[in-house]
Amino acid sequence: MTTFLLLKHYSGDGAPMPEWTPEEITAHIRFQHELVRELAEAGELVRADGLAGPEGAKVVRFGGPDAPPVVTDGPFPEAKEFLAGYYMIDVETAERAYEIAATVSSAPGPDGAPIYERIEVREIMGAPDTDS
Amino acid sequence: MAMRLDADTGDLLRELAPQVLGVLARRSGDFAAAEDAVQEALLAAAQHWPEEGRPDNPRGWLLQVASRRLINQVRSEQARRRRENTAALLEPEPAEVEGGDDTLLLLFLCCHPDLTSASAIALTLRAVGGLTTAEIASAFLVPETTVAQRISRAKSRIQSSGAIFSMPTRQEWEPRLQSVLRVLYLIFNEGYARSGGQGVYRAELSAEAIRLARMLHALLPADSEIAGLLALMLLTDARRPARTGPDGELVPLSTQRRDLWNRAQISEGVRLITAALAADAIGEYQAQAAIAALHDDAPDASETDWPQILHWYGELEQLTGNPVVTLNRAVALAMVDGPVAGLTLLDSVEERLPDHYRLDAVRAHLHEMAGDKPLALQHFRAAAARTTSAAEQQYLLTQAARLGREVG
């Protein structure tokens with residue numbers, strides 16, 4: 001077996017989702033649910049998640065030894081040239097996620113110096129708040 | 001393990017797990033090792049009982065197997081230490097316990113305030129709930145090794161913090177109990193909020209949290225916050241069948257099919273919260289349960305007692321100081337005094353909730369109530385862009401789409 005990562009983008013043909021009709025949104029989401037179910041039944045699914053919107057996305061870089069992570073709102077490069085791998089982590093706070101991202105960013109390059117790789121941090125969609 | 005066992009045996013094993021662990025932890029004075037040994041005994045039971053039949057004395061069987069594992073563990077530890085030529089292992093002193101229920105002691109220990117939520121949840125589900133590491137991993141959609149690591153870190157944290165297997169003192173009691181209630185509530189929420197999502201055991205987490213809260217209530221029936229928490233869980237869980245539509249989409253309270261609500265759970269919850277509120281000391285779980293009961297009591301959304309709900313959100317706001325509660329109070333206020341009053345209240349909390357999607361979501365609702373569809377549309381879209389829940393996003397986008405069509 002070979003494992004693949006399929007990346008969904010916001011770009012597609014036609015109007016963006018916020019301009020669709022309620023029926024179109026429901027049909028789109030039903031399609032996603034059914035696909036997840038089919039892949040799971042076929043024994044081919046590892047995991048599928050939606051990402052929280054780009055509004056909350058951050059770029060994190062190693063801040064240097066003993067310095068806090070450098071957290072910015074961008075820039076976000078084109079995925080094709082940019083994506084090299086991923087870590088999926090389950091932590092208590094966003095700050096801890098940034099800390100880990102900074103560590104990833106501190107990986108050594110030539111002469112053992114940190115390469116300050118840009119790490120894009122995106123939240124995986126979770127559960128809604130409990131209704132009240 | 002539950003998959004190979006019939007439901008009765010599974011329930012029995014999980015009921016016995018904390019009892020056996022309590023005995024073993026007290027006898028050995030080593031909670032961490034005893035917990036591992038009981039987990040192994042549970043796995044052994046799941047393996048042997050379906051083939052060999054349930055033993056006549058299941059509790060004795062588990063205790064014997066777990067003791068044997070623990071002794072082996074101690075022996076190999078001793079051998080290792082001898083090889084390392086260190087001082088001989090001292091026989092562990094049994095911890096002093098004067099009566100008290102082991103299950104309660106275990107809950108206090110596993111929900112110790114020094115632990116992170118994730119660690120406390122995993123340890124509680126395994127040590128008190130009798131779930132396997134694999135089941136917990138499946139429920140939380142994380143690898144089994146991650147759960148195992150959280151549990152072992154929790155144990156060493158407990159050890160290094162000097163926490164012992166004994167009742168908290170009178171002084172420690174309140175914060176320690178709060179910590180237990182919080183962990184149980186988090187377990188419930190994990191199961192309730194994500195029901196319908198991926199993860200085989202997810203829905204069972206709510207049932208497990210209710211079971212543990214029920215157990216705690218039976219041990220300390222006079223504590224009205226425990227009763228409040230149990231009532232809150234029952235009253236919330238009662239709405240589960242109506243909370244999501246056929247495609248997993250969220251159905252808001254106002255349009256849920258109330259005939260799908262679980263009447264037995266509602267009656268039990270209402271009975272519990274009524275009795276709790278008659279006692280003294282109102283707490284946040286009681287206030288939340290009171291609100292849930294008022295919703296569940298209304299035969300139709302239009303008959304909801306909003307003035308009472310508004311009152312309870314006021315209480316809850318004072319108890320918690322949480323600005324998210326103010327958002328809910330604004331909704332109740334809008335239902336009582338109209339949307340303008342609700343919107344004014346929202347302005348007062350804006351600074352404390354920067355970028356919070358629910359602020360936009362509530363504003364959207366209230367602007368729509370006030371008849372301002374373009375503004376409502378704008379806020380629904382802003383909320384949809386910011387939420388971190390897929391189900392919530394679908395709901396908000398659908399609301400925006402509905403308004404978008406009307407506004408044109």
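Remember, it's a predicted structure, so these values are computed and weren't measured experimentally.

### What about the overall build of chain B?
Across its full length, chain B holds 19 helices and zero strands. For chain B, the C-alpha atoms occupy an extent of roughly 80 × 45 × 40 Å along the three principal directions. Within chain B, the proportion of its 408 residues that are buried is 46%. A sequence separation of at least 24 residues applies to 62% of the contacts in chain B between residues at least 6 apart.

### Brief notes about the overall build of chain A
Along chain A, the regular secondary structure elements total three helices and three strands. The secondary structure elements of chain A, listed N-terminal to C-terminal, are α-β-β-α-α-β. Here the C-alpha radius of gyration of chain A, 18 Å, is well above what a compact globule of 132 residues would show, namely 14 Å. For the C-alpha atoms alone, the extent of chain A along its principal axes is close to 55 × 40 × 35 Å. The buried share of chain A, reckoned over its 132 residues, is 11%.

### Here we look at the sheet that holds strand β2 (residues 70–72) of chain A
Residues and elements named next belong to chain A. Taken in spatial order, the three strands of this open sheet run β2-β1-β3, and their pairing is antiparallel. Edge positions in the open sheet fall to β2 and β3 (119–121), since each of these has one partner strand only. The mean inter-strand angle of the sheet, taken between neighbouring strand axes irrespective of direction, is 30°. Pairing analysis gives three bridges linking strand β1 (residues 58–61) to β3, with the strands arranged antiparallel. Across the sheet, residue V59 finds its bridge partner in β3, namely E120. Packed onto the sheet, helix α3 (residues 94–105) meets β1, β2 and β3 and runs at close to 50° relative to β1.

### Side note on unusual backbone geometry
With a phi angle near 65°, D66 of chain A is a residue other than glycine that sits in the positive phi range. Locating D66 of chain A in the fold gives a position in the loop between β1 and β2. What makes D66 of chain A exposed here is the crowd of 5 C-beta atoms within 10 Å. In this model, L141 of chain B sits at a positive phi of 55°, which is unusual for a non-glycine residue. Note that L141 of chain B resides in the loop between α6 (133–140) and α7 (144–160). Overall, L141 of chain B belongs to the partly exposed group, with 17 C-beta atoms counted inside 10 Å.

### Quick word on the interface of chain A and chain B
Chain A puts 26 residues into the contact, and the matching count from chain B is 34 residues. When grouped by side-chain class, the residues that make up the side of chain A that touches chain B number 10 nonpolar, nine polar and seven charged.

### Regarding the nonpolar core
Core analysis: the biggest nonpolar cluster contains 121 residues, and V38, A66, L184 and A231 of chain B have the highest contact counts within it. The next biggest cluster of nonpolar side chains, apart from the first, holds seven residues, and it includes F62, Y98, A101 and I119 of chain A.

### With respect to the confidence of the model for chain B
Residue and element names in this part refer to chain B. Model confidence for chain B is summarised by a mean pLDDT of 88, while 92% of its residues fall at 70 or above. When the criterion is pLDDT under 50, residues 85–100 qualifies, and its contacts beyond four places in sequence or with other chains add up to 21 contacts. We note a pTM of 0.87 for the whole complex and an ipTM of 0.78 for its interfaces.

### Things to note about helix α1 (residues 7–28) of chain B
Residue and element names in this part refer to chain B. With 22 residues, α1 extends 31 Å between its outermost C-alpha atoms, agreeing within 8% with the 32 Å of an ideal straight helix rising 1.5 Å per residue. Its axis deflected by about 30° at L16, α1 carries its strongest bend there, up to four residues before the proline P18. Where α1 is concerned, the buried positions are L13, L16, A17, P18, V20, L21, G22, L24, A25 and S28. One or two steps after α1, the chain reaches G29, where phi turns positive at roughly 70°.

Calculation notes
Residues numbered from 1 in each chain as written. Chains lettered and ligands numbered in written order. Predicted model: local features only at pLDDT ≥ 70, side-chain atom pairs only at ≥ 80, totals over all residues. Helix = DSSP H or I, 4+ residues; strand = E, 2+ residues; numbered from the N terminus. Buried ≥ 20, exposed ≤ 12 C-beta atoms within 10 Å, placed from the backbone. Contact = placed C-beta atoms within 7 Å. Rg over C-alpha atoms; globule rule 2.2 N^0.38 Å. Pairing = 2+ DSSP bridges. Axes fitted to C-alpha atoms, helices over the stretch in contact; angles between N-to-C directions. Nonpolar A, V, L, I, M, F, W, Y, C, P; charged D, E, K, R; others polar. Core = buried A, V, L, I, M, F, W, Y, C linked by C-beta atoms within 7 Å. pLDDT = per-residue confidence, 0-100. Expected span 1.5 Å × (residues − 1). Bend = angle between axes of the 7 residues up to and from the residue.

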